[in-house]
Each structure stands twice: as structure tokens, then as C-alpha cells.
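Listed below are the residues making up each chain.
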Amino acid sequence: MMSSAFSCRFLFKFLNHGIVASSKGHAAAAVLGRSPVRGYYNTGKTRYTGPGGAAHVRVVDLRSDTVTKPGPAMRQAMAEAEVGDDVMGEDPTVNELQKIAADMFGMEAALFVPTGTMSNLIAVMVHCRERGDEMIVGDLCHIHIYEQGGSAQLAGVHATTVTTLPDGTFDLDQLESKIRHGYPDPHYPRSRLICVENTHNIQGGRVLPLTFLQEVRALADRYGLSVHMDGARVMNAAVAQAVPPSTILQHTHTVSVCLSKGLGAPAGTMLAGPQDFIAQAVRCRKALGGGMRQAGVLAAAGKLSLLDMVGRLEEDHRNAKTFAQALLDCDPPLFAVDMAAVETNILRFRLEEPSLSPSEFCARMGQVCEGEEAALGQGIQVLMYPHFGNSVRAVWHLGISPEDTQLAIQKMQFVASQYLKEKLRAQ
């Protein structure tokens, strides 16, 4: 038994090699929800095989809702899609998808774009018409953190940041203080755009309050700025708030909505806004290499996503809350969860035991150790990422059923039990 425990501990240390864990010197930053470490995820490859080559292993993949795969109905729709040359505007399935999206979002027009990153970049390029223009973004938003600085790198657009609050919003007085005045003063860029993110990824899938969006739009209108929403998961927000997406998006000029996350399409994002905005967006998409030809094969999947997959997002939200509650019920308490912050399909939780780091916890969850099959009846590998601020991130999606969620809970309870036994033996 001792050699077994030693081998598991050695394996965890090996897996953790190169992963930066928070130190005591970073405690203050962690409390504020920020870390001086610039990496927000462990990008190392996850190992799927456990000691002894366990014969009965179930994998529950909670790394992201981007790991979803199209089901039989979606694959059939893709195979049977009517297609044409979309660059020439002749793909009927793409055209239908764009009409469906525009109507659903309450926008004049929409454009099918390969990825969310490209969609956000196009929006910045169209709103910020001159190199050296400026956008105002939250310091923890996806556009600022995860899109390689593409707005500056490719569009020549400067970003200034406001502090992202725990609920994904930001202080409106601070926002107003960031707006430049006196253009064309040669010293300063010109404020053009405010970007918001809904739901907010880093802050754990938080849903932006409608009152906040209304106030941001009023502020933008007062100073002649535009509002773009990175709405990669705005359909999750709509389900959580029990409103149609158009109710949310009435407070924005433009929006980018991913089809390839919880909605389950293999690729694609919808960029929507006024007709003249979309006309310019078509030009930017072409310049960035995003003009696809017979794209109806992908658009057919997108149609199914918008028409058939939105309602089921509620199941993902339920499953995330179920797992979160199980973390809180762990005895003795190893985890800290703010249940009020578990609003959609993304869960962020912290480890209360200083000697158990997020990276080691994720390594334990992702491995099958000796005795696990005997205790649980099978090996269970639960894949999730260490996150910033001494936390762990787990994301539910259409590939994760309530049964899978219960398996993840069993594995979490087993890992917690084994860890506490090891701790007692070491004392």
C-alpha cells in the first residue's frame, strides 16, 4: 500500500513538472482574482492512461465546451447540405443561417465567420476605422487575454483596460474615466469602442446583468462610442436569464456568437450588427482569409445549433451546479465554491488545503490509481484545468450527461478521501 501511494505521489509530481503553482507571495493577488503568473491554463497535454492499464475507464472531459462533437442528426444535416460559393454570396445554407441568426439576435444582418477570434477581430477592425484608434476592454476579457493581441498586432488598434469585477462587469465611473477627449489632439488615440464579454469566461461563466448593459450602452451613446459584445456564450446567458438573446443584445451595436461551444457545431461563429457594419465585415473577413467557398456544410451544423440546441444548455447549467454543491458537501471541506457565482456551465472553485495545489488535484482527477476500480467499480478520469488564482476550472457541455456528472462527483470524493488518508499517514 505504501509503495502504491508513493508511486501515485511520484506520478503527480512528474505531471506537475513545469506547471507554475501559486506561492505564498502571490496570495494577495489570488484573493483579488488575479495572479502575477501570466498563464491562465495549464496547456500541457493531459495523460489518459492510468497505472496498471485499467480495463474499465470512463473519461469525463470537463476541460472546455469546445470539445463537443457533432451528433448523428448534425452529421446528417452536414452531409445533405445544399451548398454554393459563399464568397460570391451563393451558398443557400449560409444565407439561411445568417438570416436565422440576425432575426434571433434582433440585428439587421449577420455574417458566418470561421472562428470567434476572427469574428472579434473583424468587429474591432470595422468599429475602429483608423490605425491608432482605441478600444476599452476589461483586463480579464477574452479579447485582451486569449486572442494574441490581434487587435494591435493585425489591426493597429490600441486597447486600454478597466478592472474586471468578480461578476464580469466593471465600474462605470472607471470606464468613463478611460474615454479620451479632445480628438484630434496628437498625443492620444481616439476612443471608438467598448467591449463587453457575456458570459464572462475567466470569471466563471458569469452573466452580465441587463441593467449593467443598459448603463454601458447609455454611456457609449453619450460619447459617440460603439459597444461590441464578445458573446461567445451569450446563449448560455439568455437561458440563465430566461430571456431571448435579442433582449440582451438590444444594448449592443454588434455581437459575436460561437456555434462551436455549448451549441455543439464543429466550427463557426456568427457576427451580427447593422447592415453597413456587416458589409464592411465581409471585406475584413476576406482580408483575414476567412472567406470560405462551399461553407454550407458547416452552416448546416450551425443552423441546427441555433434552432435545436439552445434549450438544452439548461442541462449543462444544472450539472455544473450539481457538481459545485458536491464540492461544498465534501467533508472535511477541501473546496471553496461561491454557489451564487455558478450561473451557467463554467465552474471555478478553489482548493482550501495549501498542500494540495490545483495542478496536483487535476493530475489526480485525470489518473486512475491503484484501488480505484475496486472502490468505484471502474476507473474514472475527469479532465479539467488548473486556473489562475489557485483555482480549478471545469466546463459542462452536451457531451456530459447527468450520469457523467455523478461519475465526476464519485471521482472527486475518491480523490479527496485518498488525499486525506495520505495526509494522515504522513503526520
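Residues numbered from 1 in each chain as written. Predicted model: local features only at pLDDT ≥ 70, side-chain atom pairs only at ≥ 80, totals over all residues. Heavy atoms only, no water.

## A closer look at the overall build of the protein
Quick reminder of the rule: Working definition: helices are DSSP H or I runs of at least four residues, strands are E runs of at least two. Numbering for both runs from the N terminus. Each residue is assigned to one of three classes by its accessible area relative to the maximum for its type, calculated with a 1.4 Å probe on protein chains only: buried under 20%, partly exposed between the two thresholds, exposed over 50%. Contacts between residues were defined by any pair of non-hydrogen atoms, one from each residue, lying within 4.5 Å. Residue exposure ignores everything except the shown protein chains as possible cover, and the areas themselves are Shrake-Rupley values with a 1.4 Å probe.
Helix and strand content of the protein: 17 helices and 13 strands. Residues classed as buried in the protein amount to 53% of the 427 residues present. Taking as baseline every contact in the protein between residues at least 6 positions apart, the subset at least 24 positions apart corresponds to 76%. For the protein, the accessible area works out to roughly 18,700 Å², and carbon and sulfur atoms hold 53% of it.

## Describing the confidence of the model for the protein
What counts here: pLDDT: the predictor's confidence for each residue, scored from 0 to 100.
With 87% of its residues at a pLDDT of 70 or more, the protein has an overall mean of 89. In this model residues 1–54 is a low-confidence stretch, pLDDT under 50, and it forms 71 contacts with partners more than four residues away in sequence or in other chains.

## Looking at the sheet that holds strand β3 (residues 133–138)
Strands in a sheet are paired, the pairing made by backbone hydrogen bonds, and the direction either parallel or antiparallel. Stated precisely, the cut-off is as follows: A pair of strands is labelled paired if DSSP reports no fewer than 2 bridges between them. Between N-to-C directions, angles cover 0 to 180 degrees, with each direction set by a line fitted to C-alpha atoms, over the stretch in contact for helices.
As summarised here, the arrangement of the 7 strands in space is β2-β8-β7-β6-β5-β3-β4, forming an open sheet in which the pairing is mixed. On the outer flanks of this sheet lie β2 (109–113) and β4 (158–162), each paired with one strand and no other. For this sheet the average axis-to-axis angle between neighbouring strands, irrespective of direction, equals 20°. Lying over the sheet, helix α9 (residues 210–223) contacts β5 (190–197) and β6 (226–230), oriented at roughly 170° with respect to β5.

## Quick look at the packing of helix α4 (residues 92–105) against helix α13 (residues 296–308)
Filter applied, for reference: With respect to orientation, any angle under 35 degrees is reported as roughly parallel, any angle over 145 as roughly antiparallel, any angle of 65 to 115 as roughly perpendicular, and every other angle as oblique. Less than a right angle of anticlockwise turn of the near helix away from the far helix marks a crossing as left-handed, whereas a clockwise turn marks it as right-handed.
Between α4 and α13, the least distance of the axes is 8 Å, while the angle of their chain directions is 30°. By the criterion of interaxial angle, the relationship of α4 to α13 is roughly parallel. Of the two elements, α4 crosses α13, and the hand of that crossing is left-handed. Judged by residue contacts, Thr93, Val94, Glu96, Leu97, Ile100, Ala101 and Met104 of α4 engage Gly296, Ala299, Ala300, Gly302, Lys303, Leu306 and Leu307 from α13.

## Some details on the pattern of salt bridges
Quick note on the threshold: Think of a salt bridge as a Lys or Arg side-chain nitrogen and an Asp or Glu carboxyl oxygen that are within 4 Å of each other.
For the coordinates displayed, the defined rule picks out 19 salt bridges. Of the charged contacts, one joins Arg233 and Asp65 as a salt bridge, the two residues approaching to 2.8 Å between their closest N and O atoms. Within this pair, whereas Arg233 is found in the loop between β6 and α10 (234–241), its partner Asp65 is found in the loop between β1 (57–61) and α3 (72–79), the two being separated by 168 residues in sequence. Put simply, Glu96 and Lys303 hold a salt bridge, and the shortest N to O gap is 2.9 Å. Of this pair, Glu96 sits in helix α4 while Lys303 is found in helix α13, placing the two residues 207 residues apart along the sequence. Judged by relative accessible area, which is 40%, Glu96 ranks as partly exposed.

## A closer look at the packing of aromatic side chains
Our working rule: In this scheme Phe, Tyr and Trp rings, the latter by its six-membered ring, pair at centre separations within 6.5 Å, and the angle between planes marks the pair as stacked below 30 degrees, edge-to-face above 60, and tilted otherwise. Distance and angle both matter: a charge sits over a ring if NZ of Lys or CZ of Arg is within 6 Å of the ring centre and within 35 degrees of the ring normal.
Inspection of the entire model under this criterion finds 6 aromatic pairs. Among the aromatic residues, ring-to-ring pairing joins Phe323, Phe335, Phe349, Phe361 and Trp396 into one connected group. Lying across the ring of Tyr183, Arg190 places its NZ or CZ 4.4 Å from the centre.

## A few points about unusual backbone geometry
Looking along the chain, the bond that leaves Tyr183 and enters Pro184 is cis, with omega of 15°. Mapped onto the fold, Pro184 is located in the loop between α8 (172–177) and β5. Note that the residue after Asn198, namely Thr199, is joined by a cis bond; omega there is 0°. With respect to the secondary-structure elements, Thr199 resides in the loop between β5 and α9. In this model, Gln148 sits at a positive phi of 60°, which is unusual for a non-glycine residue. In this structure, Gln148 sits in the loop between α6 (142–145) and α7 (150–155).

## As for the packing of helix α5 (residues 116–127) against helix α12 (residues 275–287)
Inclusion rule: Under this grouping Gly is polar, as are all residues other than the nonpolar Ala, Val, Leu, Ile, Met, Phe, Trp, Tyr, Cys and Pro and the charged Asp, Glu, Lys and Arg.
Two elements in contact, α5 and α12, have axes whose closest approach is 9 Å; the angle formed by their N-to-C orientations is 120°. If you check the angle between α5 and α12, you find them oblique. The hand of the α5/α12 crossing is right-handed. Of the residues in α12, those in contact with Met118, Ile122, Ala123, Met125, Val126 and His127 of α5 are Phe277, Gln280, Ala281, Cys284 and Arg285. Looking at the contact of α5 with α12, its residues break down into 8 nonpolar, 2 polar and 1 charged.

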